[in-house]
Amino acid sequence: MATMYGWTGVMLRVNLTTGETQPVLTAELAERFVGGRGFISKIYWDEVDTNTAALHPDSPLMFMTGPLAGTSAIAGSRWFIAGKSPLLYPEQFGLGSVGGSFGVKLKAAGYDGLIITGKAAKPVYIYLNDGKLELRDAAGLWGLDTFATLERLHKAHGDASTAVCIGPAGEKLVRLALAMSDHGACGGSGFGAVMGSKNLKAVVAAGAQKVSVARPDDLKAVNSQIRSLIEGKILMDPNVEGLELIKRTPCPGCPSGCPRGLYKHVSGREEVRKNCQSVYMYYLWDMKYHGESTADPFLATSLANRYGLCTQELGNLLYFLEACVRQGIITDESAGISLSQMGSLEFIERLTDMIISRKGIGEALAEGTMRAGHIVGNGAEKLLEKRMTRSGFNAEAYNPRYFITNALFYATESTSTMNQLHEVCFPVMKWVMWYATDGAMAPFSTEVMLKIAKKFWRNEKAVDFSTYEGKAAVATLIQNREYAKENLVACDFFYPLTTADGPEDHTGDPTLESRLLTAVTGIECDEASYYKTGERVFNLQRAIQGKEGRAGRKDDRVNEFYFTDKMEEEAGFLGVFNPDFMLPGPNGELISRKGAVLERDRFEKMLDEYYAIRGWDVKTGLQKRKTLEELKLADMIPGMQKLGLVAE
Ligand code: SF4
């Protein structure tokens, strides 16, 4: 086999029912779909039957890397766990982005990805080492929590190995179960339950295979530019009394771009902590209960990690419970737990135990928030309309009443919109730090924001937060760039590098990712053609959505409360540091979004513009044949036509 730069060249299919394996050549997919999300989406489109349940043995579970993993490309070592999600509502295509070193080790073991089907007769784990696969007995691991499992596997297979495993939540098919790997790296959307449904406790990867890089000098040059751009970066560690940083635990090849690390709790316990939603999962409840913030949320997150429960979904369940209690839909008696204790450590210990063992209210909660709403009934499902999107994500995150562009992400995306929202809101959060501290804590002024808008979004209107003008073009560009990034599986916390601490103008460089791709794979790719790869996979995902029953304009909807309820407060960082929702407006003048709603007619007009830019039919929102052909997706047209998904 000819050397394939950026890849080992082989993915592996494994059938756990029969034990059979079959190699798949990576080259068959790489040219059109790049890697990561692109590969997963193509395999899903080709192979997943809409009638196959997520937890059925035939439902494929994919572990997929991108071309950067295993090379020295900065922040390029992440990977995806993917397939049909048992957590999304209804069950549909989903994926979870995972950090840590497993993706790098998978390639060192000789594989770019795994496609796992079937169900083992008894608990097993997959051991991959230097191009060989073994199914090993996992009877001694079944029942252990995630951290204990990882420790045992590490002892058994040594420092050169990395494992990803499930805890009791995955074994018991709890729909919010996740897969856990080293240093707290985890992937959600319920794929821990999919592993459990296959009797698959863990996958261990070890080996010494190297990934070849096409242009090592170019890669060094891009890496060194990235280092200079982030020089002087201040990591905003969530500062909590009673927690001490022991050491940072960055993913391989990352110059510690985020505060991921090992921390010690005042009780002496050491656990991994990241700088994402997981840190804040219990924060609000802890504040309410104790009247001040304590270090308990750190332990609550660790507890969820040990069980293998997704903290994002656990956060949604807590909101749901509180809303039900407020409306008198759930009482202590009906729930089987004292709800007034919400916020205490004892409460979260008991609640997680009830979810795992499906006792009391835990039986409904183990099905995830959206399904729990229907199971509890008595109007509980209606309460979710103000909190959750149709597929089951938090609808309040960076919501469109505050940031108009985000309405298009919420309307058109069925998987997590988080990285798209981040691209708009990460720079704004830094601007808020500049605004709230008169420039003392961050240099990202309105002037810097205007430069970023020109450079990254090709339009200064992108940072005029008062208008709908230009937002459809900005949203399209962001989605294409974010999908291209997910094909590379480059870190969302790191890329795109919009704000830069090093240079004088404090703006980053939008060409970095395309240059990394070219340096690693040797494929000629400029910024525009890189975004094209994202556009291709975005269109592929649109077809998957259509196949799974969410087709065109009639389904490109946002939550009704964006149109009707004025934006008055925000619980997160933006609300605390910017309670008046001040933002740059026309020509950089400041405006306030306090009291704003999304305007229905302008939203519909923005959607018209968006479809036109995408080359889709404006009336129906369906994809046009010509657009699919131009994106080299012509082979999908016959299948899409059968489902009525193509506008001629
Ligand atoms: S920024 Fe954080 S999550 Fe991203 S690659 Fe670096 S260490 Fe990993």
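The written sequence of each chain sets the order in which its residues are numbered from 1. The model is predicted, so local features are restricted to residues of pLDDT at least 70 and side-chain atom pairs to those at 80 or more, both for listing and for counting; the totals for chains, interfaces and linings are taken over all residues. Neither water nor hydrogens contribute to the side-chain values; these are computed over all heavy atoms in the structure.

Enquirer: Could you give me a rundown of the nonpolar core, with the residues and numbers involved?
Expert: Core analysis: the biggest nonpolar cluster contains 87 residues, and F403, W457 and F603 have the highest contact counts within it. Top element by residues in this core is helix α18 (residues 418-436). It accounts for eight residues. We call two residues in contact whenever any of their non-hydrogen atoms come within 4.5 Å of each other. Look past the residues within four positions of F403 in its chain and what remains in contact with it is Y398, V424, C425, V428, F465, L574 and L583. A300, M354, I355 and I356 belong to the second largest nonpolar core, which has 47 residues in total. Remark: nonpolar core denotes a set of buried residues (Ala, Val, Leu, Ile, Met, Phe, Trp, Tyr, Cys) joined through side-chain atoms within 4.5 Å. Burial classification: accessible surface area is computed with a 1.4 Å probe over protein chains only, and a residue below 20% of its type maximum counts as buried, one above 50% as exposed, and the rest as partly exposed. In this text, helices come from DSSP runs of H or I with a minimum length of four residues, and strands from runs of E with a minimum of two, each type numbered from the N-terminal end.

Enquirer: How would you sum up empty space enclosed by the protein? Please name residues and give values.
Expert: Space left empty within the atom packing is revealed by a probe, the size of a water molecule, rolled over the atoms. Definitions used throughout: a 1 Å grid over protein atoms alone; a cavity as a set of points that fits a 1.4 Å probe which cannot get out; a pocket as an open set with protein on both sides within 12 Å along at least five of seven lines; a lining residue as one with an atom within 4 Å of a point. Grid points are joined across faces, edges and corners, and a volume is the space filled by probe spheres set on the points. Going through the model one piece at a time under the given rule, you end up with five cavities of 30 Å³ or more. In this structure, the largest cavity occupies an estimated 60 Å³ of space. R542, Q545, G546, R550, A551, G552, G621, L622, Q623 and L645 together form the lining of the largest cavity. At three residues, the largest contribution of residues to the lining of the largest cavity is made by helix α22 (residues 527-547). Partitioning the lining of the largest cavity into residue classes produces three nonpolar, five polar and two charged. One number sums up the size of the second largest cavity: a volume of about 50 Å³. Together, V272, R273, K274, S278, T301 and N305 line the second largest cavity. Here the term charged refers only to Asp, Glu, Lys and Arg, the term nonpolar to Ala, Val, Leu, Ile, Met, Phe, Trp, Tyr, Cys and Pro, and the term polar to all other amino acids, Gly among them.

Enquirer: Any details on the sheet that holds strand β15 (residues 270-273)? Residues and values, ideally.
Expert: Spatially, β13-β14-β15 is the arrangement adopted by the three strands of the open sheet, whose pairing is antiparallel. This sheet does not close on itself; its edge strands, each paired only once, are β13 (243-248) and β15. Averaged over neighbouring strand pairs, the angle between their axes works out to 35° when direction is ignored. The pairing of β13 with strand β14 (residues 261-265) spans five bridges and is classified as antiparallel. In the sheet register, L243 faces β14, and the bridge partner there is H265. Working convention: axes come from line fits to C-alpha atoms, limited for helices to the stretch in contact. Angles between N-to-C directions cover 0 to 180 degrees. Of the strands in this sheet, β13, β14 and β15 touch helix α10 (residues 296-307), which is tilted by about 85° from β15. Note on pairing: DSSP must find at least two bridges between two strands before they are called paired.

Enquirer: Outline the layout of surface pockets, supporting the account with residue identities and numerical values.
Expert: Empty space within the second largest pocket amounts to approximately 560 Å³. Lining the second largest pocket are 23 residues, with F147, L150, E151, D182 and H183 sitting closest to its centre. For the lining of the second largest pocket, the secondary-structure elements that each account for two or more residues are α4 (146-157), β9 (161-165) and β15. Here the lining of the second largest pocket takes five residues from α4, the largest share from any one element.

Enquirer: Please give an account of the side chain of N223 that cites residues and values.
Expert: If you trace the backbone, N223 turns up in helix α7 (residues 216-230). Among all residues touching N223, those that are not within four sequence positions of it are S72, A73, I74 and L516.

Enquirer: I'd like a description of the sheet that holds strand β2 (residues 21-25), backed by residues and values.
Expert: Strand order in the open sheet formed by six strands is β2-β1-β6-β3-β4-β5, and the pairing between neighbours is mixed. At either margin of the open sheet sits one strand with a lone partner, and together these are β2 and β5 (92-98). On average, each strand axis in the sheet is inclined to that of its neighbour by 20°, with strand direction left out of account. Looking at chain direction, strand β1 (residues 10-15) and β2 are connected through five bridges and run antiparallel. Bridging from a neighbouring strand, L12 pairs with P23 of β2.

Enquirer: Account for the site of the ligand, naming residues and giving values.
Expert: A molecule or strand has a residue near it when one of that residue's heavy atoms lies within 4 Å. As a matter of local geometry, the ligand sits amid nine residues, with R78, C251, C254, C258 and C491 nearest to it. Across the shell around the ligand, the residue classes tally to six nonpolar, one polar and two charged.

Enquirer: How would you summarise the pairing of strand β7 (residues 124-129) if you had to cite specific residues and measurements?
Expert: Burial analysis of β7 places five of its six residues in the buried class, the great majority of the element. Note: β7 against strand β8 (residues 132-137), six bridges, orientation antiparallel. Note on β8: the bridge partner recorded for N129 is K132. Hairpin connection, β7 to β8: the antiparallel pair is bridged by two residues, and D130 has positive phi, about 45°. The pairing of β7 with strand β12 (residues 200-206) spans six bridges and is parallel. Note that in β12 the partner of L128 across the bridge is A205.

Enquirer: I'd like to hear about the pattern of salt bridges, residue by residue, with values.
Expert: Salt bridges are counted wherever a side-chain nitrogen of Lys or Arg sits within 4 Å of a carboxyl oxygen of Asp or Glu. What the rule picks out here adds up to 37 salt bridges. Notably, a salt bridge pairs R625 with E629, separated by 3.6 Å at the nearest N-O pair. Of this pair, R625 and E629 both sit in helix α26 (residues 625-630), four residues apart, roughly one helical turn. Among the residues examined, R625 registers a relative accessible area of 29% and is labelled partly exposed. Classification of E629 by relative accessible area gives partly exposed; the value is 39%. The structure contains a network of salt bridges with shared partners spanning R32, K42, D46 and D635.

Enquirer: Run through unusual backbone geometry, naming residues and quoting values.
Expert: The step from Y89 to P90 runs through a cis peptide bond, and the omega angle for that step is -10°. The amide bond that connects Y495 to the next residue, P496, takes the cis arrangement and shows omega of -5°. Mapped onto the elements of the fold, P496 is located in the loop between α20 (471-488) and α21 (512-521). Of note, N378 is a non-glycine position whose phi angle comes to about 55°, a positive value.

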